[in-house]
Amino acid sequence: DTAVSQTPKYLVTQMGNDKSIKCEQNLGHDTMYWYKQDSKKFLKIMFSYNNKELIINETVPNRFSPKSPDKAHLNLHINSLELGDSAVYFCASTNTLGGAGRPDTQYFGPGTRLTVL
Amino acid sequence: GNSVTQMEGPVTLSEEAFLTINCTYTATGYPSLFWYVQYPGEGLQLLLKATKADDKGSNKGFEATYRKETTSFHLEKGSVQVSDSAVYFCALIAPAGGYNKLIFGAGTRLAVHP
């Protein structure tokens, strides 16, 4: 019954490696996001996909590449990992428009804690 | 641009004390406002929301009222419990052609002691 799920929950890896984080939502939403939470708990959007199309791409290094095989999945691949990539990464999903045409609530996954050594 | 400013934490209270966490925003257009909560080691959960001026969101004893005149969405609870210890995030979404971004405040850590 998990609405937004992410795997893995924890990821520990060496600098220079390539890793992927997966996200799936079973809410029937059309839009998915990746957020990064740094060590001070600050949350910032990275990417958003709407119906498999990239619609938001914040100033993120091109070592980060999101991929959406279908509208229920949004994966994040990270090449050449750096120490500064250590953070918690959250996936979220929503419908573009909720009631009365207003932006709808975003639902978050449990997060993936990435540690780069 | 759009931004959210929250009071800095940590906020430390005794059980049953009154809680206020201040949140003000700057937005183009007419935003929807949210409070999310992050319990230790967990993801973000929606606590409450309001989508238009004077709306009051409420959940689990928490309340916040959308005040357009003061651009504020302060979070309040009459009597906090130890289990309310968490980080609280105020956030807004400003409609922009359907491509909606949640803009978060910096978060306020609440610690409640018995």
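Structure: above.
Notes on the structure in this doc start here. Worth saying up front: this structure is predicted, and the values here are computed from it rather than measured.

Some remarks on the overall build of chain A
No. 1: Helix and strand counts for chain A stand at zero helices and eleven strands.
No. 2: Written out in order from the N terminus, the α and β elements of chain A read β-β-β-β-β-β-β-β-β-β-β.
No. 3: At 14 Å, chain A has a C-alpha radius of gyration in line with the 13 Å of a compact globule built from 117 residues.
No. 4: When each of the 117 residues of chain A is scored for burial, the buried share is 46%.
No. 5: A separation threshold of at least 6 residues defines the contact pool for chain A, and within that pool the share at least 24 residues apart is 55%.
No. 6: Counting only carbon and sulfur atoms, one obtains 50% of the accessible surface of chain A, whose full area is about 5,700 Å².
No. 7: If you average the places of the 13 positive and of the 11 negative side-chain charges in chain A, the two averages end up 5 Å apart.

A short note on the nonpolar core
No. 1: Among the nonpolar cores identified, the biggest contains 27 residues, and Leu 19, Trp 35, Leu 47, Leu 48, Phe 73, Leu 75 and Tyr 88 of chain B are the most heavily contacted of them.
No. 2: Looking at this core, the elements with two or more residues in it are strand S2 (11-14), strand S3 (19-21), strand S4 (23-26), strand S5 (32-38), strand S6 (44-50), strand S8 (62-65), strand S10 (86-93) and strand S12 (108-113) of chain B.
No. 3: At four residues, the largest contribution of residues to this core is made by S10 of chain B.
No. 4: Those residues in contact with Phe 73 of chain B, other than ones at most four positions away along the chain, are Cys 23, Leu 33, Phe 34, Trp 35, Leu 48, Lys 49, Ala 50, Ala 64, Thr 65, Tyr 66 and Cys 90 of chain B.
No. 5: Of all hydrophobic cores here, the second largest spans 20 residues; its members include Met 32, Met 46, Phe 64 and Ala 87 of chain A.

Some thoughts on the interface of chain A and chain B
No. 1: Contact with chain A, which involves 22 residues of that partner, is made by 25 residues of chain B.
No. 2: Interface area, chain A with chain B, both sides summed: about 2,000 Å², of which 57% is carbon and sulfur.
No. 3: Viewed at the interface, chain B and chain A are joined by one salt bridge.
No. 4: A salt bridge links Glu 58 of chain A to Lys 101 of chain B; the nearest nitrogen and oxygen atoms lie 3.1 Å apart.
No. 5: Our count for the chain A to chain B interface comes out at four residue pairs in polar contact (both at pLDDT 80 or more).
No. 6: Element by element, the count of residues in the side of chain A that touches chain B is highest for strand S4 (residues 31-37) of chain A, at three residues.

A word on the sheet that holds S8 of chain B
Hydrogen bonds along the backbone pair up the strands of a sheet, which may run parallel or antiparallel.
All names here are of chain B.
No. 1: The sheet built from four strands is open, its strands ordered S3-S9-S8-S7 with antiparallel pairing. Of all the strands in the sheet, the pair left with one neighbour each is S3 and strand S7 (56-59). Averaged over all adjacent pairs, the angle separating strand axes in this sheet is 15°, with direction ignored.
No. 2: The pairing of S3 with strand S9 (residues 75-77) spans three bridges and is classified as antiparallel. Paired with Leu 19 across the strands is Lys 77, a residue of S9.

Scoring rules and cut-offs
All residue numbers refer to position in the chain's written sequence, counted from 1. Written order determines the labels here, with chains lettered from A and ligands numbered from 1. It should be noted that, the model being predicted, local features are given only for residues of pLDDT at least 70 and side-chain atom pairs only at 80 or more, the latter also being counted only at that level, while totals for whole chains, interfaces and linings use all residues. For side-chain calculations, the full set of non-hydrogen atoms in the structure is used, while hydrogens and water are omitted. The way it works is that DSSP assigns letters per residue, a run of H or I at least four long becomes a helix, a run of E at least two long becomes a strand, and they are numbered from the N terminus. For the radius of gyration, the atoms used are the C-alpha atoms, and the globule rule reads 2.2 Å times the number of residues raised to 0.38. Residue exposure (1.4 Å probe, protein chains only): buried if accessible area is under 20% of the type maximum, exposed if over 50%, otherwise partly exposed. The contact criterion used throughout is that any non-hydrogen atoms of two residues lie within 4.5 Å. The protein chains shown are the only cover counted for residues, whose accessible areas, like all others here, come from Shrake-Rupley with a 1.4 Å probe. When charges are counted, neither His nor the chain ends are considered; positive counts come from Lys and Arg and negative counts from Asp and Glu. Charge placement uses NZ in Lys and CZ in Arg. For Asp and Glu, CG and CD serve respectively. As used here, the term nonpolar core means buried Ala, Val, Leu, Ile, Met, Phe, Trp, Tyr and Cys residues forming a set that is joined through side-chain atoms within 4.5 Å. When two parts are brought into contact, each loses some accessible area as probed by a 1.4 Å sphere; the total of that loss over both is the buried area. In the sections that follow, a salt bridge refers to a side-chain nitrogen of Lys or Arg positioned within 4 Å of a carboxyl oxygen of Asp or Glu. For the purposes of these results, a polar contact is taken to be a pair of N or O atoms within 3.5 Å, where, inside protein, one atom must be able to donate a hydrogen and its partner to accept one; residues adjacent in sequence count only when each atom of the pair is a side-chain atom. A pair of strands is considered paired only if DSSP assigns at least 2 bridges between the two. Axes here mean lines fitted to C-alpha atoms, for a helix over just the part in contact, with angles spanning 0 to 180 degrees between N-to-C directions.

None of this, on its own, says anything about what the molecule does.
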